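# Topology and contacts: notes
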Amino acid sequence: MSPNTWICLHPSNATTDAAKLTMSLDNRGLAYGDGFFTTMGIIDGQILWLDYHQQRLNSHAIALQLQLDSDSLLAILQTHAKQLQQGMLKLIVTRASQEVRGYGYTPNTCGSICEIWLKSSPMSITTAQSLPIAVNGQFIPLQPAASAICLSSQIACLPLPLAGLKSLNRLDNVLASGELQAIKAKALEGNIKPSFGEGLLRDMSGQWVEGTTSNVFYQLSQSPVAKSSNRPHAQSNSNYLSAGQWYTPSMAQSGVAGVMRQVIIDELSTTKNPVIIRSLQDEDLPHLSRLFFCNALRGIMPMTSLTLLSGEVVGFDAI
């Protein structure tokens, strides 16, 4: 498989050459966003968080009524992972084209048949620092600390069973990411620091839910946090997750229930401070004491500050 080339894994009767870049304009993922995707990090030829990605494949297939054999699919993906050695596998699953006109699909087995597309991308996903955890004996990459900003863009509130899914309907995140990139470009032009590493997003109900490409975890202080001009307290990497009470917003009506989010929830589930699912409201933001974003490729992205919509800057304890 050539790097950064899309190939069709299913239907499997297509030849390798014919399978490349032959997606029809009638593909329902393109036409209606009728499908989902997942991105998997690869290190030393192994898929990171394999069990969690399989859970996503199964849960999303059930939610969208797609016919998918995750065991057979993962066997194929592991072969590609060994060839790649280090990088990213991106998988897109869409419902197969239907004879039914418009949005509808046939209410039988044929209506659940899917197309599966894969892209293999060599890239470095390791970091100089990482956190050892009990889950699968793996390590979570720990990125350098950065700053975050509250964005004015909002993401959709969705009905069950769509809430929390990593579906192909991502226009709200596209626009939000565009807003963040514009802010970064303006800061670069004006040589303004700090540069923002992620943006915090609200849903249409006004609750702060996630980052543009990540989930968010936070801690609260009993009193408003000092502004970022104050000196934060240093903390060792080894107890970054285990120290204090972490909260994360619910994915029950909006956002994506990410793989790394679930890894962290499971990791802390047997500690004295398991993660608490709690909404993040406007009034909470001045009382944040720690904040990080996370996803399956980048691991944990700790933040040193959050710029609010008002322009006020809330500073956090450092690592």
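My aim in this report is to walk through the structure given alongside it, one point at a time.

Each value, and the rule that gives it
- Residues numbered from 1 in each chain as written.
- Predicted model: local features only at pLDDT ≥ 70, side-chain atom pairs only at ≥ 80, totals over all residues.
- Heavy atoms only, no water.
- Helix = DSSP H or I, 4+ residues; strand = E, 2+ residues; numbered from the N terminus.
- Buried < 20%, exposed > 50% of the residue type's maximum accessible area, 1.4 Å probe, protein only.
- Contact = heavy atoms within 4.5 Å.
- Areas by Shrake-Rupley, 256 points an atom, 1.4 Å probe, with all protein chains shown as cover.
- Core = buried A, V, L, I, M, F, W, Y, C linked by side-chain atoms within 4.5 Å.
- Phe/Tyr/Trp six-rings, centres within 6.5 Å; stacked < 30°, edge-to-face > 60°.
- Patch = residues over 30% accessible without salt bridge, like charges linked within 9 Å, V, L, I, M, F, W, Y side chains within 5 Å.
- Salt bridge = Lys/Arg side-chain N within 4 Å of Asp/Glu carboxyl O.
- Disulfide = S-S within 2.5 Å.
- Pairing = 2+ DSSP bridges.
- Axes fitted to C-alpha atoms, helices over the stretch in contact; angles between N-to-C directions.

## A closer look at the overall build of the chain
Helices and strands together make up the secondary structure of the chain, namely 6 helices and 16 strands. Within the chain, the fraction of its 319 residues that count as buried is 48%. A sequence separation of at least 24 residues applies to 76% of the contacts in the chain between residues at least 6 apart. By element, 54% of the accessible surface of the chain is carried by carbon and sulfur atoms, the whole surface being about 15,500 Å².

## Some details on the nonpolar core
One finds Trp49, Ile140, Leu241, Ile264, Phe292 and Ile300 to be the most contacted residues of the largest nonpolar core, which totals 26 residues. Where this core is concerned, the elements lending two or more residues are strand 7 (139-142), helix 6 (259-267) and strand 14 (288-295). Counting residues per element, this core draws most heavily on helix 6, at 5 residues. Apart from the residues within four sequence positions on either side, tryptophan 49 is in contact with Ile133, Val135, Asn136, Gln138, Phe139, Ile140, Val259, Met260, Val263 and Ala296. Judged by nonpolar contacts, the second largest core, of 24 residues, contains Ile47, Ala61, Leu77 and Leu84.

## Brief notes about the packing of aromatic side chains
Applying the stated criterion across every chain yields a total of 6 aromatic pairs. Residues tyrosine 240 and phenylalanine 292 carry aromatic rings whose centres are separated by 5.9 Å and whose planes lie at 50 degrees to one another, so their mutual orientation is tilted. Of this pair, tyrosine 240 sits in the loop between strand 11 (215-220) and strand 12 (247-248) while phenylalanine 292 sits in strand 14, placing them 52 residues apart in sequence. The class of tyrosine 240 is buried, set by a relative accessible area of 2%. For phenylalanine 292, a relative accessible area of 0% puts it in the buried group.

## Focus on a nonpolar patch on the surface
A cluster of nonpolar side chains, Met23, Leu25 and Leu30, forms an exposed patch at the surface whose accessible area comes to about 330 Å². One can find leucine 25 in the loop between helix 1 (16-19) and helix 2 (28-32).

## Considering the state of the cysteines
Tallied over the full model, the rule gives 0 disulfides. Left unpaired, cysteine 8 is separated from the closest cysteine sulfur, that of cysteine 114, by 9.6 Å. With relative accessibility at 13%, the residue cysteine 8 sits in the buried group.

## Some remarks on the sheet that holds strand 3 (residues 46-47)
The antiparallel open sheet is built from 5 strands, whose spatial order is 1-5-4-2-3. In the strand order of this sheet, the two ends are held by strand 1 (6-10) and strand 3, each with one partner. The sheet contact formed by strand 1 and strand 5 (residues 114-122) spans 4 bridges and is antiparallel. Residue pairing for strand 5: cysteine 8 is matched across the bridge by tryptophan 117. Helix 3 (residues 50-63) contacts strand 2 (35-43), strand 3 and strand 4 (87-95) of the sheet and is inclined by roughly 175 degrees relative to strand 2.

## Focus on unusual backbone geometry
The phi torsion of most residues other than glycine is negative, and most of the peptide bonds are trans. The omega torsion across histidine 10 and proline 11 is 10 degrees, close enough to zero to call that bond cis. Within the secondary structure, proline 11 is located in the loop between strand 1 and helix 1. Cis geometry is found at the peptide bond from leucine 160 to proline 161, where omega equals 5 degrees. Its location among the elements puts proline 161 in the loop between strand 8 (146-155) and helix 5 (171-189). The phi torsion at glutamine 65 lies on the positive side, around 55 degrees, for a residue other than glycine. Along the chain, glutamine 65 falls in the loop between helix 3 and helix 4 (70-84).

Distances and angles like these do not, on their own, reveal function.
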